[in-house]
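Descriptive analysis of the structure
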Amino acid sequence: MFNVAVFVSGRGSNLRSLFEKVRKDQINICAVISDKKNCGAVEFAQQNSITVFFVDSNVESYSLLIKELLKLSIDLIVLAGFLKKIPDELVDAFENKIINIHPALLPSFGGKGMYGMNVHKAVFESSAKWSGATVHFVNKIYDEGLIIAQRVVDISNVSSPDEIAQKVLNVEHELLPFVVQKISESKVVLKNNRVYVVD
Ligand code: GRF
């Protein structure tokens, strides 16, 4: 089994799509980690008997969490709407084993403060004609790890940031399970500082 831990802070629609779309005989979502006690994602985890861990921002909390994740033999950490910065200690403990989904086409519209609707407002105000979703490895700098895969959406005719958010969310729900499935099958390959997704 390929063991996955999902970090969340909110509604949990990506957690839900992962849970529903990956192959259950190969992938086990065995832990959900949240910095919020009450949110849709935590509720979903509890309803589906997934172990939930809560973290606050102190070092001790993350040190304990790392121990728990190692005990569970976690193969991959997925950040799905987790709003806090991941501490360096966790990045070091799970090198190239943490991925994030970002609701825009990195390297544009990323970095500190670029989350949720802030991203879609910035994209809308830029008058860009395309947006999309990016799944990337997590390193120690916000939204700067190597890009694994992207999906684009045509936003040339949208009339609000909300409309962009909805279009992007739809492709997020396809892209994240696709990438997690590929990683579990060792079909995501790092070579010469690029990432290749192979058949
Ligand atoms: C998604 O748009 C994701 O890209 C971003 O935060 C949002 C989380 O949504 N990082 P949900 O909690 O998965 O519904």
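Just above sits the structure.
So, here is what we can say about the structure in this document. (Residues numbered from 1 in each chain as written. Predicted model: local features only at pLDDT ≥ 70, side-chain atom pairs only at ≥ 80, totals over all residues. Heavy atoms only, no water.)

A look at the overall build of the protein chain
We count it as follows: To qualify as a helix, a DSSP run of H or I must reach at least 4 residues; to qualify as a strand, a run of E must reach at least 2; elements of each kind are numbered from the N terminus. For every residue, the accessible area (1.4 Å probe, protein chains only) is compared with the maximum for its type, and the residue is labelled buried under 20%, exposed over 50%, or partly exposed between those bounds. Residue contacts are counted whenever heavy atoms from the two residues lie within 4.5 Å of one another. To measure how exposed things are, a 1.4 Å probe is used in the Shrake-Rupley method; for residues, cover is taken only from the protein chains shown. In summary, the charge assignment counts Lys and Arg as positive and Asp and Glu as negative, without counting His or the chain termini. In this description, the location of a charge corresponds to atom NZ of lysine, CZ of arginine, CG of aspartate or CD of glutamate.
The helix and strand tally for the protein chain stands at six helices and nine strands. The dimensions of the protein chain, computed from C-alpha atoms along their principal axes, are 50 × 40 × 30 Å. Among the 199 residues that make up the protein chain, the fraction classed as buried is 48%. Long-range contacts, defined as pairs at least 24 residues apart, comprise 65% of the intrachain contacts of the protein chain with a sequence gap of at least 6. On the protein chain, roughly 10,200 Å² of surface is accessible, and the fraction owed to carbon and sulfur atoms is 49%. Mean positive and mean negative side-chain charge positions of the protein chain (22 and 22 charges, respectively) differ by 2 Å.

Description of the nonpolar core
Defined as follows: The criterion is simple. A nonpolar core is a set of buried Ala, Val, Leu, Ile, Met, Phe, Trp, Tyr and Cys residues joined through side-chain atoms within 4.5 Å.
Counting 44 residues, the largest nonpolar core has V4, V6, V78, I99, I148, L176 and V180 as the members making the most contacts within it. Beyond its immediate stretch of four places on either side in the chain, I148 contacts I99, V135, H136, F137, V179, I183, V188, V195 and V197. Grouped together as the second largest cluster of nonpolar side chains are 21 residues, I33, I66, I74 and F82 included.

Details of a nonpolar patch on the surface
For the record, the criterion: Excluding any residue in a salt bridge, patches collect residues exceeding 30% relative accessible area, merging like charges within 9 Å and nonpolar Val, Leu, Ile, Met, Phe, Trp and Tyr side chains within 5 Å. What counts as a salt bridge is simple: a side-chain nitrogen of Lys or Arg found within 4 Å of a carboxyl oxygen of Asp or Glu.
The grouping of V189, Y196 and V198 at the surface amounts to a nonpolar patch, some 220 Å² of accessible area in total. Its place among the elements puts V198 in the segment after strand 9 (194-197). Overall, V198 belongs to the partly exposed group, its relative accessible area being 35%.

Digging into the site of the ligand
Rules: Any residue with a heavy atom lying within 4 Å of a molecule or strand is counted as near it. Pairing of N or O atoms within 3.5 Å defines a polar contact, subject to two protein rules: one partner must be a possible hydrogen donor and the other a possible acceptor, and residues neighboring in sequence count only if both atoms are side-chain atoms. In this count, Pro and Cys sit with the nonpolar residues alongside Ala, Val, Leu, Ile, Met, Phe, Trp and Tyr, while Asp, Glu, Lys and Arg are called charged and the others, Gly among them, polar.
As a matter of local geometry, the ligand sits amid R11, G12, S13, N14, G81, I101, H102, P103 and E172. Between the ligand and the protein, one listed contact pairs an oxygen atom with a side-chain N or O atom of S13 at 2.5 Å. Interatomic distance of 2.6 Å between a side-chain N/O atom of E172 and an oxygen atom of the ligand. When the ligand is considered free in solution it has 360 Å² of accessible area, and contact with the protein chains removes 86% of it. Going through the elements one at a time, helix 1 (13-21) and strand 5 (98-102) are the ones with two or more residues in the shell around the ligand. Tallied by class, residues from the shell around the ligand come to two nonpolar, five polar and two charged.

A closer look at helix 2 (residues 40-47)
Spelled out, the test is: Each C-beta atom gives one direction from the helix axis, and the arc is the one those directions make.
Turning to helix 2, its buried residues number three or more, namely A41, V42, F44 and A45. The arc that holds the buried residues of helix 2, viewed along the axis, is 160 degrees, so those residues lie on one side. What points out from helix 2, more than 90 degrees from its buried face, is the exposed set E43, Q46 and Q47. Where helix 2 is buried, its residues contact strand 1 (2-8), helix 1, strand 2 (27-34) and strand 3 (51-54). Remark: S49 follows helix 2 within two positions and exhibits a positive phi of approximately 55 degrees.

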